[in-house]
Amino acid sequence: MNDFLALTLSGEAPTVTRGENDSLRWRWLGEGLVELTPKAAWRQSLALSAGVHGNETAPIELLNNVLNDLLAGRQPLAVRLLLALGNPAAMRLGKRYLHSDMNRMFGGRHQQFAVSGETMRAQQLEQALTAFFAADAPQVERYHYDLHTAIRESKLPRFGLLPYQQRPYGRPLLACLAAAGLDALVVHQAPGGTFSHFSSEHLQAASCTLELGKAWPFGHNDLNQFVAIDRALRSQLSGAPLPPRDGEPLRLFRVACSLIKHSEAFRLHLAGDTANFTRFERGTLLCEQPGESYRVRHDSEWILFPNPGVAPGLRAGLMLIEIAPDSLR
Ligand SMILES: O=C(O)CCC(=O)N[C@@H](CCC(=O)O)C(=O)O
Ligand SMILES: [Zn+2]
C-alpha cells in the first residue's frame, strides 16, 4: 500500500490488500481501515481513529505519517494496531459531515437518525472496532484514541475528553495523555454518542477523544504543534518508555452542564469568535430558548465547543468547571 490517505481519498480498493515487513504484518480491512500486527508477542491493542469529522485533517495527516513510517520499517511496532479513517466521504469534500454528525451516533444511537452514509459508516466502525478487540486474548489491554480538531480557537489548544465511565480511567492511559503534552483533560459526566464513549462502554477500552488545535484543510496544517503527541503515540506503539512531559501541568475540568439546543429559536449570547476555554463568572446569561435559559452557576465556568448551528436535540456547547489535578483515578 503506497499511501493509505491517498488511497482512502481516491475511494478505490488497493490492488494488494495485505503484506509484511521484518517486524509486522498488515491487512487492509475495507475503506479507511487497516490492521497491523507485530510479529513479536504483544500486550496491548490500540485503535487510532481520525476523520470521524471529515474536515479535521491534522490528525488524519499525523496518523498517515505514522502508518507510512510503520510500513517502511522506520517506526517499530510492539502493539496490535487498528487505524481507522472515520468518514472518508466527508473527508473527500472537506466537511464535518455530509448528512448528520457521526460522533453522536455510536453505541447504537445511529438508529435514532435518518438513514444516511454516516449511520451506515458508524455501524461499520462499531463492528470493525468490536472485531479488532475481540480477536485478542482477554489479558491484552485495550486502548482507543479518537483524534479530532476543534472548529474554533482554544485558549488551551490541545486537550483530551475522557468519556463518562464508572471504572477508574487507569494510570497508563493518564500517563500517556500527560506525556502527550496536552494542556487539559475534560471529564464527561454522562454517556454520549461519541466513538470514544462507545469503545469505553461497550469494549472496555481505555479511551479518549483528543483535540489537536483548529480545523484546517488538507496541506494547511502545522504538524509541529503536535510533536509531543506524535512522540507519545510513537512511544506507545513501540513499547518504549513515555517521553517526559514538558511545560505547564495538565489542567483538569469536568463537564458541569451540556447546553442542549431544543429549538431553532436557541440563542447563544456569545461573540462569534469566543475561544474554547473562555471563562465566565457566576450569573452570566449564556443562552436562551423558549422556556429555558442558562446562567453560569458556579463562581467560574469555562465554555467548550459553543455551536448554536447544531441540529435541534444536539449539544450546542459544554460548560466546564475546573477540578483538582489529582482528582482522577
Ligand atoms: O469544535 C467543536 O465544536 C467540535 C470539535 C469536536 O468534534 N469535538 C468532539 C468532542 C467529542 C467529545 O465530546 O468527546 C465532538 O464534538 O464530537
Ligand atoms: Zn471532531
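Residues numbered from 1 in each chain as written. Chains lettered and ligands numbered in written order. Predicted model: local features only at pLDDT ≥ 70, side-chain atom pairs only at ≥ 80, totals over all residues.

## What about the overall build of the protein?
Looking only at helices and strands, the protein features seven helices and 16 strands. A principal-axis box enclosing the C-alpha atoms of the protein has dimensions of 60 × 45 × 40 Å. Here the protein holds 329 residues, and the buried ones make up 42% of them. The long-range share in the protein, meaning contacts at least 24 apart out of those at least 6 apart in sequence, stands at 72%. (Helix = DSSP H or I, 4+ residues; strand = E, 2+ residues; numbered from the N terminus. Buried ≥ 20, exposed ≤ 12 C-beta atoms within 10 Å, placed from the backbone. Contact = placed C-beta atoms within 7 Å.)

## Some details on the domain arrangement of the protein
When the domains of the protein are assigned, the result is domain 1 (4-238) and domain 2 (257-322). Placing the centre of domain 1 and that of domain 2 at their C-alpha centroids yields a distance of 28 Å. Contacts between domain 1 and domain 2 engage ten residues on the former and eight residues on the latter. Taken together, the residues that form the side of domain 1 that touches domain 2 break down as four nonpolar, one polar and five charged. (Domains from an automatic or database assignment. Nonpolar A, V, L, I, M, F, W, Y, C, P; charged D, E, K, R; others polar.)

## Quick word on the site of ligand 1
Close contacts around ligand 1 come from His53, Asn103, His148, Ala150, Ile151, Arg152, Leu161, Thr194, Ser196, Thr209, Phe305 and Asn307, and that covers them all. Residue composition of the shell around ligand 1, by class: four nonpolar, seven polar and one charged. (Near = placed C-beta within 6 Å.)

## Some details on the UniProt feature "active site" (unreviewed entry) in the protein
Residues annotated by UniProt as "active site" (unreviewed entry) correspond here to Glu211. Its place among the elements puts Glu211 in strand β9 (residues 206-214). Accessibility expressed as a C-beta count within 10 Å gives 27 for Glu211, which makes it buried. (UniProt positions renumbered as here; feature names shortened; annotations may be inferred.)

## Structural notes on the environment of Arg315
Looking at where Arg315 falls in the secondary structure, it is placed in strand β16 (residues 315-323). Residues Arg315 and His262 lie 53 residues apart in sequence; the distance between their C-alpha atoms is 9.1 Å. Each residue touching Arg315, except ones within four places of it in the same chain, is listed here: Ser258, Leu259, Ile260 and Val310.

## A short note on unusual backbone geometry
Residues other than glycine seldom take positive phi values, yet Gln204 does so here, at roughly 55 degrees. Its place among the elements puts Gln204 in the loop between α6 (195-203) and β9. Residue Gln204 is classed as partly exposed on the basis of its 13 C-beta neighbours within 10 Å.

## Overview of the pairing of strand β14 (residues 292-295)
Of the strand pairs in this sheet, strand β13 (residues 285-289) and β14 are connected by four bridges, and their pairing is antiparallel. Looking at β14, one finds that Leu285 is bridged to Arg295. In this antiparallel pair of consecutive strands, β13 and β14, the connection spans two residues, and Gly291 shows a positive phi of 80 degrees. (Pairing = 2+ DSSP bridges.)

## Things to note about the sheet that holds strand β11 (residues 267-268)
Within the open sheet, the three strands sit side by side as β11-β13-β14. Their pairing is antiparallel. Looking at strand neighbours, the two that pair on one side only are β11 and β14, the edges of this open sheet. Note: β11 against β13, two bridges, orientation antiparallel. For Arg267, the partnering residue across the bridge sits in β13 and is Glu288.

## Some thoughts on the nonpolar core
With 81 residues, the main nonpolar core has Leu63, Leu81, Leu83, Ala184, Leu185 and Val186 as its most contacted residues. Per-element accounting of this core gives the leading share, seven residues, to helix α2 (residues 58-71). Here this core gathers at least three residues from each of two domains, domain 1 (4-238) and domain 2 (257-322). Other than its neighbours up to four places away in sequence, Ala184 contacts Leu156, Phe159, Leu250, Arg251, Leu252 and Phe253. (Core = buried A, V, L, I, M, F, W, Y, C linked by C-beta atoms within 7 Å.)

## Details of the confidence of the model for the protein
On average, residues of the protein carry a pLDDT of 96, and 100% of them reach 70 or more. For this predicted complex, the interface confidence comes out at an ipTM of 0.97, alongside a pTM of 0.96. (pLDDT = per-residue confidence, 0-100.)

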